[in-house]
Amino acid sequence: MKRFSTLKAFGFLAPFLAIFGFAVVYPVILGGYLSLFGQRGARRWWVGLGNYHQVITDPKFWEGFKIPMFLLFVQVPFMLFLGVVFALIYERVRTARAYRLIFYLPYAFPGIVAGLLWSYMFSKSMSPFLPILKALGVQNPKLITYPALPWILLVIAVWEFTGYTSLILYATLLAIPREYAEQAQLDGANYSQVVWYVKLPMLRNTLLLLLIFNIIGALQVFNEPQFLGQLITLPPNFTPAIYIYNQAFSYGAFTYAIAMGIVLAAIIFAVSFFFLNRSTRELNVRA
Amino acid sequence: MREQRLVKPVPGPRRFAPVAFVRNLPFHVVAASFSLLFLLPLYWFVVSTTKDASQLYQGTLTLGNPNHFIHDNLTGVFAFQHGVFGLWLVNSFLYAGVGALVGTFVAALAGFAFRRYGFFGKRLLFVLILGFALVPPFATALPLFSIFRDFGLLDTRWSVLIPSLVNVFGVYLMVVYWNQVPDELFDAAMIDGANDVTIFFRVGLPNILPGFTTLILLAFVTVWNNYFLPLVMLSSSDKYPLIRGILTITSLQGFPIYNLNIMGAFLTSIPLLIMFLVMQRFLAPQLTGAVR
């Protein structure tokens, strides 16, 4: 029995709405308003949509998307593949509990620390890999170079999130009725055929959801490169989020940075809705 | 209702046979080699906490000899800039502890309102809350910066604490948890003469306690790991949380002190590892059987 009482409901909602209004809703609205002004230091003047025009035509802003794009097209597919493999192993192998724990463990560390670990392990001064490379005869080996930066981020991201990814996929695998695989086996399918024709199709929606999470994550990369910046000078527009921060606090273009934040948020919204919409449409077709 | 099984079940993880191990050998090989790869950085992390700078430079995978874990590294981190690390530690626990406790409680109240009452604008409000929650933090942090500046709260602990109380994901999960509590329970309490606040505290909360605890732990980890917010809001070192502070462990010339960075990151991670182990117990929230 639900009771209709707007007054009581808002009594319970009041604390949340107060904090949410102050720390989320108001900033979003204020951000939209401030983005219509130009600013240098303390001086502020009306520019209308000028900031947005500038964002769209700012080559350095779009250059920053190289890293998210690399992660999206190289790291994410690789990680999802690895995640599926791990999930199948969890499902198949008796001692998988230990594997689950080991692969998930990196996820317990913050992105900043993951960044520190791999940055230092690849650094010229501390790397445990360099003595090995030297022994193999590589002259003056160097692991942290500009061309290598995307690959280092790939290693960090794969290390950090594969365990989490595989657990989500494993949960989906467990939800598949056993009868499906049994029936397929009865019809003479071997393990790889069961995986390909029965299990992978059932993972589709979960994979799509994970893809959306990863797109959102890749577009916002900020923490992982922080310690990398100790060892190599990163460009101020290394990722969109880093560029936004630098515009706001290093260059003093505060309102311009806000406009960039809004554009980036809009991109994230658009991509998420595109994929979400597609997945729900497919669900409707099947139902 | 389960159907009668006509077919022998697929050889699954439950049954043991030596044959299965041999057949699964490729799986073990793949999983074991990846395990080594995944554990390598953590092993390097632990080993490196025992080394001073010159030992780190050797790039070996053995423990530091002599062992510098306590002297040099632990003492060095706490002695850095007259013990500012201790303040970071306290700040981290303050932000994450208060943020998680208050934020989760507030989320529980909000979730209860959505569960228990019909009210004007209910659907719209829920959609609005979830919609605003999708706005990425870096888009809200900059305007928030200017709001706090206008209020004179910039570079105070409030400027990190207040945004840390928002837990939209918590509200969403709370609605899910509350929905597991049967209506009869609330109705019975109401017939017995309990008012709404009493129902929330005496009937409601005990029934969602596992979920409530899980959410506190998750929120604690989220706030503990939040780097961007303190980076934007705080400029004085004594108000930093650990996650912000460890990036500022440098010599006077601005060069990172590697062994102290590593020890700082290690100490930042330990509470999270404890949380991780504790959470294993709570990750399966179940409703205790109050209604049969």
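As the structure is a computational prediction, the values presented were derived from the model and not from experiment.

Colleague: I keep staring at the overall build of chain A and nothing clicks. Help me out?
Modeller: Secondary structure summary: chain A contains 13 helices and three strands in total. Scaling as 2.2 N^0.38, a compact globule of 287 residues should have a C-alpha radius of gyration of about 19 Å, whereas chain A reaches 24 Å, well beyond that. Seen through its principal axes, chain A has C-alpha atoms that stretch 75 × 75 × 35 Å. Relative to its 287 residues, chain A shows a buried fraction of 39%. Here the contacts in chain A between residues at least 6 apart in sequence split such that 71% fall between residues at least 24 apart.

Colleague: How should the overall build of chain B be read in this particular structure?
Modeller: Assigned secondary structure in chain B consists of 15 helices and one strand. The C-alpha atoms of chain B give 25 Å as radius of gyration, which overshoots the globular expectation for 292 residues (19 Å, by more than 25%). Along the first, second and third principal axes, the C-alpha set of chain B runs to 70 × 70 × 30 Å. For chain B, the proportion of its 292 residues judged to be buried stands at 37%. When contacts within chain B are restricted to residue pairs at least 6 apart in sequence, those whose partners lie at least 24 apart make up 73%.

Colleague: What's the story with helix α8 (residues 149–175) of chain A in this structure? I'm lost.
Modeller: Every α-helix winds through 3.6 residues per turn, so residues three or four apart in the chain are directed the same way. Between its first and last C-alpha atoms α8(A) spans 39 Å; for 27 residues at 1.5 Å apiece the expected length is 39 Å, and the two agree. Along its length, α8(A) shows its largest kink, about 45°, at A:Phe161.

Colleague: Is there a simple way to think about unusual backbone geometry in this case?
Modeller: Residue and element names in this part refer to chain B. Of note, the amide linkage connecting Asn 65 to Pro 66 takes the cis form, showing an omega dihedral of 0°. Its place among the elements puts Pro 66 in the loop between α3 (53–57) and α4 (69–79). Here Asp 72, not a glycine, exhibits a phi torsion of approximately 95°, which is positive. Taking the C-beta count within 10 Å as the criterion, Asp 72 has 21 such neighbours and is therefore assigned buried. Even without a glycine there, the phi angle at Gln 81 is positive, about 45°. With respect to the helices and strands, the residue Gln 81 is situated in the loop between α4 and α5 (84–116). Take Gln 81: there are 12 C-beta atoms within 10 Å of it, and that puts it in the exposed class.

Colleague: What should I look at first to understand the pairing of strand β3 (residues 43–46) of chain A in this one?
Modeller: Both faces of the sheet carry side chains from a regular strand, because those side chains alternate between them. All names here are of chain A. By the bridge criterion, four bridges tie strand β2 (residues 37–40) to β3 in an arrangement that is antiparallel. From the neighbouring strand, Phe 37 faces β3, where its bridge partner is Trp 46. Hairpin connection between β2 and β3: a loop of two residues separates the two successive antiparallel strands, and Gly 41 in this loop has a positive phi of roughly 60°.

Colleague: I would appreciate a short explanation of the interface of chain B and chain A in the present structure.
Modeller: It is common to report an interface's size as the accessible area lost on association of the parts. Between chain B and chain A, the residue contacts involve 67 residues of the former and 74 residues of the latter. The element contributing the most residues to the side of chain B that touches chain A is helix α2 (residues 25–48) of chain B, with eleven residues. Split by residue class, the side of chain B that touches chain A holds 52 nonpolar, twelve polar and three charged. Judged from the two bridges that link them, strand β1 (residues 3–4) of chain A and strand β1 (residues 117–118) of chain B form a sheet pairing that is parallel. Paired with A:Phe4 across the strands is B:Gly118, a residue of β1(B).

Colleague: Quick question: what am I supposed to make of the environment of A:Ser119 here?
Modeller: Residue and element names in this part refer to chain A. When you line up the elements, Ser 119 lands in helix α6 (residues 111–122). For the pair Ser 119 and Gly 50, spaced 69 residues apart in sequence, the C-alpha separation works out to 39 Å. Setting aside its immediate chain neighbours within four residues, Ser 119 contacts Phe 227, Leu 228 and Leu 231.

Colleague: In this structure, what is going on with the packing of helix α10 (residues 183–191) of chain B against helix α11 (residues 196–207) of chain B? I would like to understand it.
Modeller: The geometry of a pair of packed helices is captured by two quantities: the angle between their axes and the separation between those axes. Residues and elements named next belong to chain B. Axis separation between α10 and α11 bottoms out at 10 Å; the angle between their running directions is 155°. Judged by the angle between their axes, α10 and α11 are roughly antiparallel. Considering the relative orientation of α10 and α11, their crossing is right-handed. Counting all contacts with α10, which are made through Leu 185, Phe 186, Ala 189 and Met 190, the residues of α11 involved are Ile 199, Val 203 and Asn 207. Classifying every residue of the contact of α10 with α11 gives six nonpolar, one polar and no charged.

Colleague: For this particular structure, what's the right way to read the confidence of the model for chain B?
Modeller: For residues with low pLDDT, the predicted coordinates do not support detailed interpretation. Residues at a pLDDT of 70 or more form 90% of chain B, whose mean pLDDT is 87. Segment residues 1–8 of chain B is flagged for pLDDT under 50; beyond a separation of four residues in sequence, or across chains, it makes two contacts in the model.

Colleague: Explain the environment of A:Thr172 here, please?
Modeller: Residue and element names in this part refer to chain A. With respect to the element layout, Thr 172 can be found in helix α8. By C-beta crowding, Thr 172 is classed as partly exposed, having 19 other C-beta atoms within 10 Å. For Thr 172 and Lys 199, which are 27 residues apart along the polypeptide, the C-alpha to C-alpha distance reads 9.5 Å. Excluding its chain neighbours within four sequence positions, the residues that come into contact with Thr 172 are Met 202, Leu 203 and Thr 206.

Colleague: Any chance you could explain the nonpolar core here in plain terms?
Modeller: It is characteristic of soluble globular proteins that their nonpolar side chains tend to be buried jointly. In terms of nonpolar packing, the biggest core is built from 139 residues, with A:Ala257, A:Met260 and B:Ala110 touching the most fellow members. Here this core gets twelve residues from one element, more than from any other, and that element is α5(B). In this structure A:Ala257 touches A:Ile244, A:Gln247, A:Ala248 and B:Leu142, once residues within four positions along its chain are discounted.

Colleague: Looking at this model, I keep getting lost on the packing of helix α4 (residues 66–92) of chain A against helix α10 (residues 191–219) of chain A. Mind explaining?
Modeller: Residues and elements named next belong to chain A. The interhelical angle for the contact between α4 and α10, taken along N-to-C directions, is 140°, at an axis separation of 10 Å. When the interaxial angle is binned, α4 and α10 end up oblique. The two elements α4 and α10 cross, and the hand of that crossing is right-handed. Contact residues: α4 offers Pro 68, Leu 71, Leu 72, Val 76, Leu 80, Val 84 and Leu 88, while α10 offers Val 195, Leu 203, Leu 207, Leu 210, Leu 211, Asn 214, Ile 215, Ala 218 and Leu 219. Across the contact of α4 with α10, the residue classes break down as 15 nonpolar, one polar and no charged.

Colleague: Looking at this structure, I do not really get the confidence of the model for chain A. What am I missing?
Modeller: Per-residue confidence for chain A gives a mean pLDDT of 90; residues scoring 70 or more make up 96%. Ranking the elements of chain A by mean pLDDT puts β1(A) last with 80 and helix α3 (residues 59–63) of chain A first with 96.

Quick notes on the rules
- Residues numbered from 1 in each chain as written.
- Chains lettered and ligands numbered in written order.
- Predicted model: local features only at pLDDT ≥ 70, side-chain atom pairs only at ≥ 80, totals over all residues.
- Helix = DSSP H or I, 4+ residues; strand = E, 2+ residues; numbered from the N terminus.
- Rg over C-alpha atoms; globule rule 2.2 N^0.38 Å.
- Buried ≥ 20, exposed ≤ 12 C-beta atoms within 10 Å, placed from the backbone.
- Contact = placed C-beta atoms within 7 Å.
- Expected span 1.5 Å × (residues − 1).
- Bend = angle between axes of the 7 residues up to and from the residue.
- Pairing = 2+ DSSP bridges.
- Nonpolar A, V, L, I, M, F, W, Y, C, P; charged D, E, K, R; others polar.
- Axes fitted to C-alpha atoms, helices over the stretch in contact; angles between N-to-C directions.
- Parallel < 35°, antiparallel > 145°, perpendicular 65-115°, else oblique.
- Left-handed = near helix turned anticlockwise from the far one by under 90°.
- pLDDT = per-residue confidence, 0-100.
- Core = buried A, V, L, I, M, F, W, Y, C linked by C-beta atoms within 7 Å.

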